[in-house]
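For reference, the chains in residue letters:
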Amino acid sequence: MKNKYQSWILFLFISIILVLVAFTISLLIGGVDIFAKSLLDNNSIENDIVTKIRIPRAILAFSIGGALSLTGALLQGIYRNPLVEPYTLGISGGAAFGVAVCIVLGLHLSLGIFALPLSGFSGSLITIFLVYFLSIKNGGININRMLLIGVMISFVASSLMMFLMSISSTEDLHSIVFWIMGSLDEPNTSLVRIMLLSSIAGLIISYFFARPLNALRLGETKAQHLGINSTVTIRILFITASLLTGVCVSVAGIIGFVGLVIPHIIRLVIGSDYRIFLIGSYLGGSFFLLISDIIARTVISPNELPIGVITGIVGGVVFIIVLGKVKLKSKTA
Amino acid sequence: MTDYLSLQNISCGYGTMFNLKDISFSLDKGVFAGIIGPNGSGKTTLFRGISGELSIKTGSISLNKNDLKTMPPKEKACNLAIVTQFTDTMDITVEDYVLMGRLPYRNKYRFFETKEDIELANKYMKLTDVFKLKHKHMSQLSGGEQQLASIAKALTQEPNLLLLDEPTSHLDITHQIQILNLIQSLSSDLGITVLMIIHDLNLAGEYCDRLIMMNNGQIHIKGIPEEVLTYNVIEDVYKTIVITQINPLSKKPVIFPVSEKTLKKNRI
């Protein structure tokens, strides 16, 4: 038993170090490489670049990566299905559709900077309620039904969006596509602040449910046998996860794979006890998105790649490699 | 203490499809009772009614004079543990798995297991003989070992009433006997009242103090094995011709099935 806690502490320690290292690197590397000593001069351009551009961006990467990964961990716990992530449930599809509507109608030009994130957020909210109420049958919520409805809503949303794109002007089309691909370039510091706060709040809320989540690993009925109110737990966590996704998608567009790949890898490393798994997933997601952002900014510098491209490629490939290793291991064992 | 577990005129079920009608029985503390009956006779439905998965429409059910219908889920989990037919093949260690039985006792804000939790888990892992496997993953265990581990988890709930749904189906005879011996000692030594669904009538007759025979959602007959396992009851309920004898050592009833060919040969 002591060994278990010791390995948790070690794991936590290493994760925090990794996140700090990635955070620091992301401040120093980019279009302009910065050496630490030039930061001592308060008036230098380097100082401006770091404080005004790179620090907010790194904070954004940290909080969005953590939030997306945490959401994946929560949803996988609720659905007991390792393939669920925010995107499977149609939440991001709804958000993307909301943004597309906003761009086509030109709302972002008349209503200012908050129009895009707000319409993304409302898009995801509408999807959540649709999924939620369509899944209610005979007074209870059927988990499998919820999953299927999510997938279908995701399809409908993407079809509607393609429809919008096909009738929109080239300029609008470009903004929609760019938004869909996801970006951590967010000039508005209050949005960065909102993102960081909601991300941490999500982590704290989910920790109140570590005990029920652990029991839910046995399934809804068996969790009930252990005195857990499964329905309430699932409801609260679903709403938390959805809101968190909504905020992420509205701020940064669609960044796929984080919620799927990171919890999976963390589970392989430290196990599925939610007491360590939640924070592990959060830190793992933060680390992954920080590194992905560094790659996105440097690979074709001075231009930058959409972050979604990097997370998709890196995440997918790493996932396949990890799965292959696991298979080999279990064969030889 | 009499009537430790008491069900009176229970009816519950799945709406129009299948319903239990008028189930009444009571058990003393520490009694090992078996529920037998053909497939679809309502054994599992009865379990779901007792555990609270299905709401009970009429009748009352009490454990140690506490009403089980209105008991909050957490308190219920400290009184009643369930071992299901399907074991859990998860990627967590046996120790962590068994410790989950302590969840109903854990305060919302307590993050780590207490010393007591670990001591209890160890105690029951030793009792069920899975202590040596405690660092193995559940998915690496054999079917019998998984079943023992899930009994250990149920015991760490420190229940007064233990429900087991066919704990020995799909196990070999060694594990069947090992598990039934264990359950028997739980009821006689620890005073846990046990209610077990079992298909094997011979094992039911050998081990259980009381038998409840279900048929078509009702109790067909209840009593000691000698009263329940008679050839006319079995032929009535199971529509199968059998011969009953007495086990020479335990003096419990034993059932022999007879093939059609033999029946014809003997012109019965």
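Use the structure listed above.
Along each chain, the written sequence defines residue order, and numbers are assigned to residues from 1. Note on labels: chains are lettered from A, ligands numbered from 1, in written order. Where local features are concerned, this predicted model is filtered to residues with pLDDT of at least 70; where side-chain atom pairs are given and counted, the filter is 80 or more; whole-chain, interface and lining totals use all residues. For side-chain calculations, the full set of non-hydrogen atoms in the structure is used, while hydrogens and water are omitted.

J.: Mind showing me how you'd approach the overall build of chain B here?
T.: Strands here are runs of E lasting at least two residues and helices are runs of H or I lasting at least four, both read from the DSSP assignment and numbered beginning at the N terminus. Summing up its helical and strand segments, chain B has ten helices and twelve strands in all. In this treatment the radius of gyration is a C-alpha quantity, and the globule benchmark scales as 2.2 Å times the residue count to the 0.38 power. Taken against the 2.2 N^0.38 rule, which gives 18 Å for 268 residues, the C-alpha radius of gyration of chain B at 20 Å falls within 12% of a compact globule. Residue burial is assigned from relative accessible area. The probe radius is 1.4 Å, only protein chains are included, and a residue is buried under 20% of its type maximum, exposed over 50%, and partly exposed in between. Here chain B holds 268 residues, and the buried ones make up 51% of them. By definition in these notes, contact holds between two residues if any of their heavy atoms fall within 4.5 Å. Long-range pairs, those at least 24 residues apart, make up 67% of the contacts in chain B with a sequence separation of at least 6. Of the roughly 12,700 Å² of accessible surface on chain B, 52% is carried by carbon and sulfur atoms. When charges are counted, neither His nor the chain ends are considered; positive counts come from Lys and Arg and negative counts from Asp and Glu. Where a charge sits is defined by one atom per residue type, namely NZ (Lys), CZ (Arg), CG (Asp) or CD (Glu). The average position of the 29 basic charges and that of the 29 acidic charges among the side chains of chain B differ by 2 Å. Residue exposure ignores everything except the shown protein chains as possible cover, and the areas themselves are Shrake-Rupley values with a 1.4 Å probe.

J.: Can you walk me through the sheet that holds strand β10 (residues 218–223) of chain B in this structure?
T.: In a beta sheet, neighbouring strands are held together by backbone hydrogen bonds and run either parallel or antiparallel to one another. All names here are of chain B. Pairing within the open sheet is mixed, and its six strands lie in the order β6-β7-β8-β3-β9-β10. Sheet topology places β6 (80–83) and β10 at the edges, where each strand pairs with a single neighbour. For this sheet, the mean inter-axis angle between neighbouring strands, taken without regard to orientation, is 15°. Bridge count between strand β3 (residues 32–36) and strand β8 (residues 193–197): four bridges; the pairing is parallel. Paired with Gly34 across the strands is Met196, a residue of β8. The pairing criterion is simple: DSSP has to find at least two bridges between the two strands. To obtain each axis, a line is fitted to C-alpha atoms, and for helices this fit is confined to the stretch in contact; angles are then taken between N-to-C directions over 0 to 180 degrees.

J.: What should I look at first to understand the sheet that holds strand β2 (residues 19–27) of chain B in this one?
T.: All names here are of chain B. Strands sit in the order β2-β1-β4-β5 across an open sheet of four strands; the sheet is antiparallel. The open sheet is flanked by β2 and β5 (66–67), the only strands paired with a single partner. As defined by bridge partners, strand β4 (residues 56–63) adjoins β5 across two bridges and the pair is classed as antiparallel. Across the sheet, residue Ser62 finds its bridge partner in β5, namely Asp67. Packing against the sheet, helix α1 (residues 43–51) makes contact with β1 (5–13), β2 and β4, and its axis sits at approximately 110° to β1.

J.: Could you clarify how one ought to interpret the interface of chain B and chain A in this entry?
T.: Interface size is often expressed as the accessible area that is lost when the parts come together. Counting residues at the interface gives 30 residues for chain B and 18 residues for chain A. Taken as a group, Met100, Leu103 and Phe111 of chain B account for 23% of the area that chain B buries against chain A, more than any other trio of residues on that side. Each salt bridge in this description consists of a side-chain nitrogen of Lys or Arg and a carboxyl oxygen of Asp or Glu lying within 4 Å of one another. Here chain B is connected to chain A by three salt bridges. Here Glu113 of chain B ties to Arg275 of chain A by a salt bridge, and the two come within 2.7 Å at their closest N and O atoms. Pairs of N or O atoms are called polar contacts if they sit within 3.5 Å, as long as, within protein, a hydrogen donor faces a hydrogen acceptor (for residues adjacent in sequence, only side-chain-to-side-chain pairs). At the boundary of chain B with chain A, the tally comes to eight residue pairs in polar contact (both at pLDDT 80 or more). Listing elements by their share of the side of chain B that touches chain A, those giving two or more residues are α2 (73–79), β6 and α3 (94–99) of chain B. We define buried area as the total accessible area lost by two parts upon association, computed with a 1.4 Å probe and summed across both.

J.: So what exactly am I meant to see when it comes to unusual backbone geometry here?
T.: Residues other than glycine predominantly adopt negative phi, and peptide bonds predominantly adopt the trans conformation. Residue Asp129 of chain B is not a glycine yet carries a positive backbone phi of 70°. Structurally, the position occupied by Asp129 of chain B is in the loop between α4 (115–127) and α5 (143–156).

J.: What's the story with the environment of Asp165 of chain B in this structure? I'm lost.
T.: Residues and elements named next belong to chain B. Take Asp165: it is sitting in strand β7 (residues 161–165). Using a relative accessible area of 9% as the deciding quantity, one classes Asp165 as buried. For the pair Asp165 and Ala81, spaced 84 residues apart in sequence, the C-alpha separation works out to 11 Å. Once you skip the residues sitting within four places of it in the chain, Asp165 turns out to touch Thr44, Phe47, Val83, Thr84, Gln85 and Ile197.

J.: Teacher, can you tell me more about a nonpolar patch on the surface here?
T.: Residue and element names in this part refer to chain A. Together, Leu10, Phe13, Ile14, Ile17, Leu18, Val21, Ile25 and Ile29 line one region of the surface with nonpolar side chains, adding up to about 670 Å² of accessible area. Among the structural elements, Ile25 can be located in helix α1 (residues 2–28). For Ile25, a relative accessible area of 34% puts it in the partly exposed group. Here, patches come from residues exposed beyond 30% relative accessible area and free of salt bridges, joined within 9 Å for like charges and within 5 Å for nonpolar side chains (Val, Leu, Ile, Met, Phe, Trp, Tyr).

J.: What exactly am I supposed to notice about the pairing of β10 of chain B here?
T.: Every other side chain in a regular strand lies on the same face of the sheet, so the side chains alternate between the two faces. All names here are of chain B. Pairing of strand β9 (residues 210–215) with β10 involves five bridges; the strand directions are antiparallel. Within β10, the position partnered with Leu211 by the bridge is Gly223. Between β9 and β10, which pair antiparallel and follow one another directly, the connecting turn spans two residues, one of which, Asn216, has a positive phi of 50°.

J.: Any chance you could explain helix α2 (residues 45–79) of chain A here in plain terms?
T.: Residues lying three or four places apart along an α-helix face the same way, a consequence of the helix completing one turn every 3.6 residues. Residue and element names in this part refer to chain A. Multiplying 1.5 Å by the residue count of a helix minus one yields the expected span of that helix. Over its 35 residues, α2 extends 49 Å from the first C-alpha to the last, a length consistent with the 51 Å expected when each residue adds 1.5 Å. Bend, in this description, refers to the angle at a residue between axes fitted to the seven residues ending there and the seven starting there. Along its length, α2 shows its largest kink, about 40°, at Arg54, and proline Pro56 lies within four residues downstream of that point. Where burial is concerned, most of α2 is hidden: 27 out of the 35 residues are buried. Just downstream of α2 lies Arg80, where phi reads positive at about 50°.

J.: Mind showing me how you'd approach the pattern of salt bridges here?
T.: Two side chains of opposite charge can pair, provided their charged atoms sit close to one another. One pass over the structure, following the stated rule, counts 14 salt bridges over all chains. The salt bridge involving Glu113 of chain B is made with Arg106 of chain B; its shortest N-O contact spans 3.8 Å. There is no split in this pair, since Glu113 of chain B and Arg106 of chain B are both buried. Taken together, the salt bridges that share partners define one network made up of Lys4, Asp273 and Arg275 of chain A together with Asp96, Arg106 and Glu113 of chain B.

J.: Sorry, what's going on with helix α11 (residues 230–252) of chain A here?
T.: Residue and element names in this part refer to chain A. A rise of 1.5 Å per residue sets the reference length of α11, with its 23 residues, at 33 Å; its end C-alpha atoms lie 32 Å apart and thus fit the reference within 8%. Counting buried positions over the 23 residues of α11 gives 17, a clear majority of the element. Just past α11, the residue Gly253 takes up positive phi, approximately 75°.

J.: How should I be thinking about the state of the cysteines in this particular structure?
T.: In a disulfide, the sulfur atoms of two cysteines are held together by a covalent bond. Counting rule for disulfides: a pair of cysteine sulfur atoms within 2.5 Å. Throughout the structure, instances matching the rule amount to zero disulfides over all chains. Lacking any disulfide linkage, Cys248 of chain A is separated from the closest cysteine sulfur, that of Cys102 of chain A, by 19 Å.

J.: Even after reading the chapter, I still don't get the side chain of His264 of chain A, so can you show me in this structure?
T.: Residues and elements named next belong to chain A. Along the chain, His264 turns up in helix α12 (residues 258–270). The exposure class of His264 is buried, given its relative accessible area of 15%. Beyond its immediate chain neighbours, meaning those up to four positions away, His264 contacts Pro82, Phe319 and Leu323.

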